[in-house]
Structure formats: structure tokens, C-alpha cells
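Residue-level structural notes
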Amino acid sequence: MPDPNGFLRYDRRLPDRRPVPVRISDWREVYPPAGEELIREQATRCMDCGIPFCHDGCPLGNRIPDWNDLVRTGSWESAVETLHATNNFPEFTGRLCPAPCEAACVLGLGGQQPVTIKQVEVEIANAAVDRDLLTPRPAPAPTGRRVAVVGSGPAGLAAAQQLARAGHAVTVFERDEAIGGLLRFGIPDFKLEKEHIDRRLAQMSAEGVQFRTGVEVGVDVTARQLRAEYDAVLLACGALAGRDTPATPGRALRGVHQAMAHLVAANKAVAAADGGQAPTAVLTDGTPIDAAGKHVVIIGGGDTGADCLGVAHRQGAAGVHQLDLYPEPPHGRDAARDPWPTWPWVLRSYPAHEEGGERVFAAAVQEFVDDGTGQVRAVRIAEVTVEKREGQRIVTPVPGSERELPADLVLLAIGFEGTEQQPLLEQFGVTRNARGAVDARPDWQTGVDGVFVAGDMHRGASLIVWAIAEGRAAAAAIHTHLGGHGRLPALVDPASQPLAAR
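Notes on the structure in this doc start here. The model shown is predicted, which means the values in this text are computed figures rather than measured ones.

Cut-off values and rules
- Residues numbered from 1 in each chain as written.
- Predicted model: local features only at pLDDT ≥ 70, side-chain atom pairs only at ≥ 80, totals over all residues.
- Heavy atoms only, no water.
- Pairing = 2+ DSSP bridges.
- Helix = DSSP H or I, 4+ residues; strand = E, 2+ residues; numbered from the N terminus.
- Axes fitted to C-alpha atoms, helices over the stretch in contact; angles between N-to-C directions.
- Contact = heavy atoms within 4.5 Å.
- Parallel < 35°, antiparallel > 145°, perpendicular 65-115°, else oblique.
- Left-handed = near helix turned anticlockwise from the far one by under 90°.
- Nonpolar A, V, L, I, M, F, W, Y, C, P; charged D, E, K, R; others polar.
- Phe/Tyr/Trp six-rings, centres within 6.5 Å; stacked < 30°, edge-to-face > 60°.
- Buried < 20%, exposed > 50% of the residue type's maximum accessible area, 1.4 Å probe, protein only.
- Lys NZ or Arg CZ within 6 Å of the ring centre and 35° of its normal.

**Description of the sheet that holds strand β8 (residues 358-360)**
Read from one edge to the other, the open sheet built from 5 strands follows the order β5-β13-β6-β7-β8, with strand pairing classed as parallel. Bordering the open sheet on either side are β5 (256-258) and β8, each of which pairs with just one other strand. Averaged over all neighbouring strand pairs, the angle between strand axes comes to 20°, with direction disregarded. One ladder, built from 5 bridges, connects strand β6 (residues 295-299) with strand β7 (residues 319-323); its direction is parallel. Bridging from a neighbouring strand, valine 297 pairs with histidine 321 of β7. Across the sheet, helix α14 (residues 259-273) lies against β5 and β13 (409-412), angled at about 80° from β5, the strand it touches most. Lying on the sheet, helix α15 (residues 303-315) is in contact with β6, β7 and β13; it crosses β7 at an angle near 175°.

Below, the structure written as C-alpha cells:
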């Protein structure tokens with residue numbers, strides 16, 4: 001039985017972040033591990049509700065009250081097993097997911113602070129490492145069937161592990177020089193140190209998964225070759241086509257870049273440093289994209305923008321402004337707009353905001369200003385109002401509100417337009433829909449038999465928990481398609497959507 005008074009005896013509490021002056025001097029994770037006493041106290045706040053709405057907030061179907069109570073009672077080995085029953089990579093989700101499960105916690109209905117589900121998850125994942133519980137689970141016998149997974153982000157890796165454990169021979173193809181997709185190259189180390197990825201890859205290799213890096217499907221190997229050599233193909237290439245603003249005057253100036261280009265260059269520089277001083281971040285053509293000593297303007301107020309903010313601090317930016325098109329959100333849930341247990345529109349401050357910089361709300365760039373040599377020197381912004389008319393977003397500048405912000409480096413973090421247009425799509429005979437994503441039939445197959453799709457490539461840019469959930473579900477569909485024995489778990493289907501008010 002849970003402790004029915006736990007949430008009354010203990011307040012919500014997280015481990016203290018590393019001090020700002022210390023953490024911006026390196027690339028280590030912001031949060032140190034929580035002590036066992038703290039995490040057991042926080043797990044005790046879980047009421048094991050009769051109807052645990054946290055389950056509905058998470059597409060993975062994580063058995064949150066179960067592993068909370070196991071942590072409360074110190075049953076760490078069982079907690080590790082229970083957590084991994086629904087989630088292949090809790091060390092990733094616990095660090096990167098914004099935790100819609102916490103927004104759906106029943107404590108929020110009564111005006112209390114939700115259980116620190118995400119932190120408990122991280123500590124269970126840490127316990128799995130500390131107690132040497134991440135042992136490989138190879139299949140007892142091979143099925144003789146072969147599957148190619150294209151893309152090594154969380155969706156592709158989750159599907160690959162599920163299929164390998166079912167006995168299929170799985171090969172993961174990745175066009176970059178290392179496995180991990182955006183986990184490797186898009187997420188800064190201060191959110192996810194790459195040793196966590198490497199540890200999982202070692203486990204998966206021991207389970208029989210083969211990894212081929214530096215191979216672009218559609219260029220280095222054709223779709224025809226994959227169809228000939230494998231019994232099924234899963235496309236899990238992500239949604240990396242960054243949204244742009246080509247009509248804004250001055251967009252072509254030097255120093256104006258997509259945010260993901262900045263994050264990838266920074267991650268590669270940190271990897272090259274191998275724990276030492278990171279070299280200057282550069283693009284593949286050698287163009288510097290480092291924030292050191294520069295005035296930086298980040299356009300976009302979401303997760304990607306916050307990642308760029310944290311990177312800019314660590315690179316030694318002279319100053320940073322982060323622009324958000326919308327007005328400052330409220331600090332608490334507006335029940336009329338976002339009733340519990342849906343994901344609320346509230347002001348979200350990340351550790352990077354604590355480290356410095358200025359947030360500017362209800363503002364939009366009117367022009368990137370040239371210094372006379374083709375290099376950006378400033379952005380001209382204006383206050384704006386935003387409204388929806390017949391499904392269209394109407395942005396209206398406020399007369400007389402224009403001003404300039406100094407800018408030597410401008411980063412566009414304004415979202416993604418779906419999966420990239422790339423040779424493999426045409427070769428497989430797969431097309432993108434109006435959202436830039438690839439549609440799936442109810443069995444996760446594209447319009448081409450034997451070719452499946454999952455993750456952001458299907459859903460559009462979304463949360464890591466959705467990527468893993470879709471990877472697991474697609475793996476289950478592939479297993480059935482190949483005539484595999486029994487059924488693999490699948491909690492979502494291609495039409496599944498996040499919890500929302502109707």
C-alpha cells in the first residue's frame with residue numbers, strides 16, 4: 001500500500017542544480033544525481049491513484065505508481081525492471097522529456113505540486129547502472145528474418161532493440177559518423193552526456209543489433225538494395241527540415257543560421273574535446289558558428305531555443321536575447337484554456353534561463369541589419385500581436401515599437417517543417433504529406449508494402465516519449481508482418497494523439 005499522507009508530509013523538491021558559475025564553465029549535466037533519501041521521499045508523495053491519469057499523459061504507458069512505490073520501499077531492482085517494461089531508454093526520457101505525465105498528476109487537480117515523476121525515473125535509470133542491471137537480453141533463438149532500420153534516433157533505436165530481442169537480425173543505418181541522431185548531435189551535453197548513449201549502444205550490440213554509420217540510404221546504399229537484402233524496412237529519419245523565414249529582409253546575411261546547425265557544430269566540438277577545452281564550433285564547410293564574444297539573438301522560445309541559449313553561455317557569448325512571438329505565458333495553469341490533466345500553456349523556464357540572457361516576448365524580427373559587408377550586425381524587431389482567424393495566424397506589428405538589438409550571430413529556432421526531402425523517399429516511392437511527414441497505415445506501413453515509418457518522420461517534431469512509443473509500436477507491427485511468434489507490446493497506433501480537451 002502507498003503512503004496516503006506522503007504528499008501531505010513532503011513538499012515537491014528537486015536536487016539542487018550545479019551552481020551557475022561552475023556549470024557554464026564546462027559541458028557536464030546541470031543536475032547532479034539526487035540522494036537516495038530525497039528520491040524515496042519524493043516517490044512517497046505518489047498516492048497510487050485509483051485512476052492514475054499520469055498514465056494518460058505519457059504515450060509509453062509507464063507504470064508510474066508501481067515504480068514510485070517500489071522506490072519508496074527501496075526495491076530498486078524491481079523498480080528497474082518495472083520501468084524498463086514500458087520504456088527502452090528511461091535515462092533519455094528522464095533527462096529530456098518535459099514530463100506531460102507530471103501535468104496529468106492527480107495532485108495537480110487538488111492544487112498541490114505534482115510528484116517529481118521525471119526525477120524519480122532518472123534515479124531508477126541511474127540505479128540500473130550503479131547496480132549493474134543493464135545486462136544484455138539477447139533472443140534465445142534467431143527467427144531468420146532481417147530488418148533494416150534507417151535512422152538512429154530514439155524511435156529507430158527503440159524499434160531495433162525490440163526487434164532484436166524478438167530474434168530478428170537488425171541493422172541500423174545512420175548517415176552521420178556516430179549513432180544517436182539528435183540525441184547525439186542535437187542535444188547538448190549539459191542535458192544528456194553522451195556516455196548514456198554509448199552505454200545503451202553497447203547493450204544493443206551485445207543483443208545482436210548491427211550499426212552502420214556514415215551510410216546515407218538513397219546515396220551510399222539504394223532502396224532497391226535494402227528491399228533485396230531485408231525482409232522489412234523501418235524509416236525513422238526524424239523531422240529535421242528547419243522552418244525558415246526567407247522573406248525577412250537580410251535573411252541571406254552571414255551570421256544568420258538555423259539553430260540546429262549551431263547545436264550540431266557545438267556537439268561535435270565538445271565531442272572532439274573529449275573532456276578538455278572545446279574547439280571553436282564550425283560548420284562542415286569551416287564557417288565559424290561559435291558564440292564566443294558575440295552578441296547572439298535566438299529567435300524562438302521553445303526547447304531548441306533554450307538549448308542554443310545554454311550553448312551560447314558556455315561558448316562565452318557577450319550577450320544573448322531570446323525572442324518569442326507570443327506574449328509571456330501565465331505562471332500557472334489557466335483551467336479555462338487548458339483544463340487538468342492536459343498539457344498547460346504556462347511560462348517554462350529552463351536552467352539556461354537561470355544562467356543569463358534576456359527573454360523578449362511578443363516580438364518579431366522585421367529585418368536582419370547588414371553591417372555593410374554582408375555580415376549581420378543587428379536585428380530590427382517590433383512588438384507584435386498574434387491572433388487566429390479562420391485557422392490562420394495573423395501577426396501584426398505595433399506601430400512605433402521598432403528597435404534594434406545588436407546581433408553578430410542569429411539562430412532560427414522556430415520549429416520544423418517535417419522530414420527532409422531526400423533521395424531515399426523517391427527511391428522507396430514514399431511521399432511527404434502537407435505537414436512534411438510520412439503517413440502510415442494502421443499497421444505502421446507506408447503506402448509501400450514492407451516499408452514502415454515511425455517517430456518524428458511520421459508524427460512531425462514531437463517529444464522523445466512519442467518517438468520511443470512509436471518505435472516500439474512499429475516494431476510490434478513489423479514482428480507481426482514477419483510472422484514472429486507472439487506479440488510485442490504496442491501502446492499507440494498511427495492515429496494516437498496527446499491528451500487534450502475536446
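Additional details are given in the paragraphs that follow.
**Here we look at the packing of helix α5 (residues 64-72) against helix α9 (residues 117-130)**
For the pair α5 and α9, interaxial distance at closest approach is 11 Å and the crossing angle is 60°. Classified by the angle between their axes, α5 and α9 sit oblique to one another. By crossing handedness, the relation of α5 to α9 is classed as left-handed. Within the contact between the two elements, α5 uses Ile64, Trp67, Asn68 and Val71 and α9 uses Ile117, Val120, Glu121 and Ile124. Split into classes, the residues belonging to the contact of α5 with α9 amount to 6 nonpolar, 1 polar and 1 charged.

**Overview of the packing of aromatic side chains**
Within the structure shown, the criterion is met by 4 aromatic pairs. Ring centres 5.2 Å apart and planes at 35° place the aromatic pair phenylalanine 89 and phenylalanine 92 in the tilted group. For the pair phenylalanine 89 and phenylalanine 92, a shared accessibility class is recorded, and that class is buried. Their ring planes at 85° and their centres at 6.1 Å tell us that phenylalanine 173 and tyrosine 230 sit as a pair that is edge-to-face. With phenylalanine 173 in strand β2 (residues 169-174) and tyrosine 230 in the loop between α13 (223-229) and β4 (232-235), the pair connects residues that are 57 residues apart, well separated along the chain. With a relative accessible area of 2%, phenylalanine 173 lands in the buried category. Tyrosine 230 gets classed as buried once you look at its relative accessible area, which sits at 7%. Between arginine 314 and the ring centre of phenylalanine 190, over which it is positioned, the NZ or CZ distance is 4.0 Å.

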